[in-house]
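# Residue-level structural notes
Residue strings, one per chain:
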Amino acid sequence: MKRALMLAAVDPGLGGVLILGDRGTGKSTAVRALAALLPERRAVAGCRFACDPDDRDDLCAECAAAGPRSLRVVRVPIPVVDLPLGATEDRLVGALDLERALTRGEKAFELGLLARAHGGFLYIDEVNLLEDHLVDLLLDVAASGSNVIEREGLSLRHPARFVLIGSGNPEEGELRPQLLDRFGLAVDVGTPATVAERVEVVKRRTAFERDRAGFAAAWSKEEAKARRRIVVARKALEAVAVPDAAIERAAQLCIALGTDGLRGELTIIRAARALAALEGAAAVGDDQIRRMAPSALRHRLRRNPLDDVGSTARVEIALREVFAS
């Protein structure tokens, strides 16, 4: 789980992370803690959407009209925005600003969570319980990279590119296949099985509750170290070589598992390249392919009701067969 979240921070183009597992295993805690590890990013000063000045094709209407030379650049934190399970459509995409409409007679928009999440992460806890109409909205925005608000004869389009992070307990419901396919990586989190791990969790939780500031100070060096790793990996990402042999391995795996489309190969390669950058490797090798294949493919496999073998085990079997050849 932690590795998948760090890889999504290194390469936001991975497509997000789905975390499934038992209740009380720290899924939400890990995602919300990611905000402390993220470096700052460049943004246009005063822009409501914190547009990236280097991405000329993804500027809002105001920034595009101003011209590149007049844009003042500042550094802002990368946002991690929570989407509450009971959120309305207006809360997600935006709505008319009723206060300004009633007090001033002006028609203006109140921006939604998608605008706040632009350039960062959108986190959905209990994602498998999300209402279908919100799922449809997320799929549309994720595919287009922009959000359109249309209310009372007014229309506003703004960039909305974000990394989607979802968590949930699979026993409480399944995800729609369309949404499941949008996640780049999927990981399972289980309850710790050893006494030592459980004791350590309880001790850390108790220490945090007794002295939150002291606990944060004690782990500040580790957080700074993780943040530096992400910053260095981001800069090194484009320089990581991807040999044809690595792409062939990924293709062989997907063929062996019968995955639909080509997202499997693309995700394996992107994740393996991000892992190589995070670990300081100059090129993607068999080791990175092996380690990222389960997370990239486990949620893309067709279900076989006559097969008792789980998706992770099927990926492991395919890995042994492909790498033995």
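Everything numeric in this text was worked out from a predicted model, so none of it was measured.

In total, this model carries two aromatic pairs according to the counting rule given. Note on Phe-208 and Phe-215: the rings are 5.7 Å apart at their centroids and 80° apart in plane angle, and the pair reads as edge-to-face. Considering the side-chain rings of Phe-215 and Trp-219, the 6.4 Å spacing of their centres and the 45° angle between planes classify their relative orientation as tilted. Phe-215 gets classed as partly exposed once you look at its relative accessible area, which sits at 23%. Chaining the aromatic ring pairs together yields one cluster made of Phe-208, Phe-215 and Trp-219. Positioned above the aromatic ring of Phe-323, the side-chain terminus of Arg-290 is 4.2 Å from the ring centre.

Moving on to the packing of helix H12 (residues 244–257) against helix H15 (residues 311–324). The geometry of H12 relative to H15 is characterised by a closest axis approach of 9 Å and an angle of 130° between their N-to-C directions. On the basis of the axis angle, H12 is oblique to H15. The handedness of the crossing between H12 and H15 is right-handed. Seen from H12, the contacting residues are Arg-249, Gln-252, Leu-253, Ala-256 and Leu-257; seen from H15, they are Arg-314, Val-315, Ala-318, Leu-319, Val-322 and Phe-323. Residue composition of the contact of H12 with H15, by class: eight nonpolar, one polar and two charged.

Enumeration over the complete set of coordinates arrives at 18 salt bridges. Residue Asp-181 pairs with Arg-300 through a salt bridge whose shortest N-O separation is 3.2 Å. With Asp-181 in the loop between helix H8 (177–180) and strand S11 (185–189) and Arg-300 in the loop between helix H14 (286–297) and H15, the pair connects residues that are 119 residues apart, well separated along the chain. Using a relative accessible area of 29% as the deciding quantity, one classes Asp-181 as partly exposed. Taking the relative accessible area as the measure of exposure, Arg-300 reaches 11% and is therefore buried. With a closest N to O distance of 2.4 Å, Glu-279 and Arg-291 form a salt bridge. Of this pair, Glu-279 sits in helix H13 (residues 263–279) while Arg-291 sits in helix H14, and the two are 12 residues apart along the sequence. Since its relative accessible area comes to 40%, Glu-279 is described here as partly exposed. Shared partners join several salt bridges into a network, and the residues in it are Asp-11, Arg-270 and Arg-273.

The rules behind the values
Residues numbered from 1 in each chain as written. Predicted model: local features only at pLDDT ≥ 70, side-chain atom pairs only at ≥ 80, totals over all residues. Heavy atoms only, no water. Phe/Tyr/Trp six-rings, centres within 6.5 Å; stacked < 30°, edge-to-face > 60°. Buried < 20%, exposed > 50% of the residue type's maximum accessible area, 1.4 Å probe, protein only. Lys NZ or Arg CZ within 6 Å of the ring centre and 35° of its normal. Axes fitted to C-alpha atoms, helices over the stretch in contact; angles between N-to-C directions. Helix = DSSP H or I, 4+ residues; strand = E, 2+ residues; numbered from the N terminus. Parallel < 35°, antiparallel > 145°, perpendicular 65-115°, else oblique. Left-handed = near helix turned anticlockwise from the far one by under 90°. Contact = heavy atoms within 4.5 Å. Nonpolar A, V, L, I, M, F, W, Y, C, P; charged D, E, K, R; others polar. Salt bridge = Lys/Arg side-chain N within 4 Å of Asp/Glu carboxyl O.

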